[in-house]
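Remarks on the overall topology
So you can see what is in the structure, the chains are spelled out below.
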Amino acid sequence: MQHPFEPIYNKHSNVLILGTFPSVKSREQSFYYGHPQNRFWKVIASLTQTPSPITIEAKKDMLLKHGIAIWDVIQSCEITGSSDSSIKNVVPTDFSNILAQSNITRIYANGATAYKLYQTYCETKTHLPIIKLPSTSPANAAFSLEKLIQEWSIIKV
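Sequence order as written defines the numbering, with residues in each chain counted from 1. The predicted origin of the model limits local features to residues at a pLDDT of at least 70 and limits the giving and counting of side-chain atom pairs to 80 or more, whereas totals for whole chains, interfaces and linings rest on all residues. Calculated side-chain values reflect all of the structure's heavy atoms, with hydrogen atoms and water omitted.

Things to note about the overall build of the chain
To keep things clear, this is the line we draw: Secondary structure counts use DSSP, requiring at least four H or I residues in a row for a helix and at least two E residues in a row for a strand, with both numbered from the N terminus. Restricting the calculation to C-alpha atoms gives the radius of gyration, and the globule rule supplies 2.2 Å times the number of residues raised to the power 0.38. Exposure categories follow from relative accessible area, calculated using a 1.4 Å probe and restricted to protein chains: below 20% of the type maximum is buried, above 50% is exposed, and the middle band is partly exposed. Any two residues having at least one pair of non-hydrogen atoms within 4.5 Å are treated as being in contact. Only the protein chains shown count as cover for residues, and all accessible areas are computed by the Shrake-Rupley method using a 1.4 Å probe. By the counting scheme adopted, Arg and Lys are positive, Glu and Asp are negative, and His together with the chain ends is not counted. Working definition for charges: the position is that of NZ of Lys, CZ of Arg, CG of Asp or CD of Glu.
Of the regular secondary structure elements, the chain holds seven helices and six strands. When the helices and strands of the chain are listed from N to C terminus, the series reads β-α-α-α-β-β-β-α-β-α-α-β-α. Its C-alpha atoms give the chain a radius of gyration of 14 Å, within 12% of the compact-globule value 15 Å for 157 residues. Seen through its C-alpha atoms, the chain measures out along the principal axes to roughly 40 × 35 × 25 Å. The buried share among the 157 residues of the chain stands at 46%. Partitioning the contacts of the chain with sequence separation of at least 6, the portion at a separation of at least 24 is 62%. Accessible surface, the chain: about 8,100 Å² in total, of which carbon and sulfur atoms supply 52%. Between the averaged position of the 15 positive side-chain charges in the chain and that of its 11 negative side-chain charges there is a distance of 5 Å.

The following block contains the structure:
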């Protein structure tokens, strides 16, 4: 399965947040973090002190106004449903264009799988380290929204 949509960034982006691969709900909506229980948009809204965005345009706007880029580590793979543990035959994303066309100096992983995949496939090419953040996925029930916001606050540096 090919990644179905483009990264969100502009020349002012200085932070890149990476997931693994879009979930079924995200693929249905043609945009990142589309599952209604995923807390990504609430976390970013809190950190940027903006209202939680509803539309895709509002989500893009919020990210770009605050220097945040988003994309995924995997360009294509085999995946069952939305399960990161089912991912096989990974083709990693080529980050050369986004890094050349932005001011990205910090990369964060939305969860352990994105972190491991980036370290395995991408770090030697980008020469930028990645910092692991707890997943905003609803499957990560160990983290409350408040705890996620606290952990993710390091992206505001």
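Notes on helix α5 (residues 112-121)
What counts here: Throughout, the arc means the angular range of directions from the helix axis out to the C-beta atoms.
What α5 keeps buried is the set Ala-114, Leu-117 and Tyr-118. Projected onto a plane normal to the axis of α5, the buried residues spread over an arc of 100° and lie on a single side. In α5, the exposed residues that point more than 90 degrees away from the buried face are Lys-116 and Thr-120. Elements that come into contact with the buried residues of α5 comprise β1 (15-19), β3 (74-78), β4 (88-92), β5 (106-110), α6 (123-126) and β6 (130-133).

A closer look at the packing of aromatic side chains
Note on aromatic pairs: each is described by the distance of the centres and the angle between the planes. What counts here: Note on ring pairs: Phe, Tyr and Trp rings are taken, using the six-membered ring of Trp, and paired if centres are within 6.5 Å. Classes follow the plane angle, with under 30 degrees stacked, over 60 edge-to-face and the rest tilted.
Considering all chains together, one arrives at nine aromatic pairs under this definition. Judged by centre distance (4.9 Å) and plane angle (90°), the rings of Phe-40 and Trp-41 are edge-to-face. Phe-40 sits in the buried class, given a relative accessible area of 0%. By relative accessible area, Trp-41 is classed as buried at 6%. One aromatic cluster in this structure is built from Phe-5, Phe-31, Tyr-32, Tyr-33, Phe-40, Trp-41 and Trp-152.

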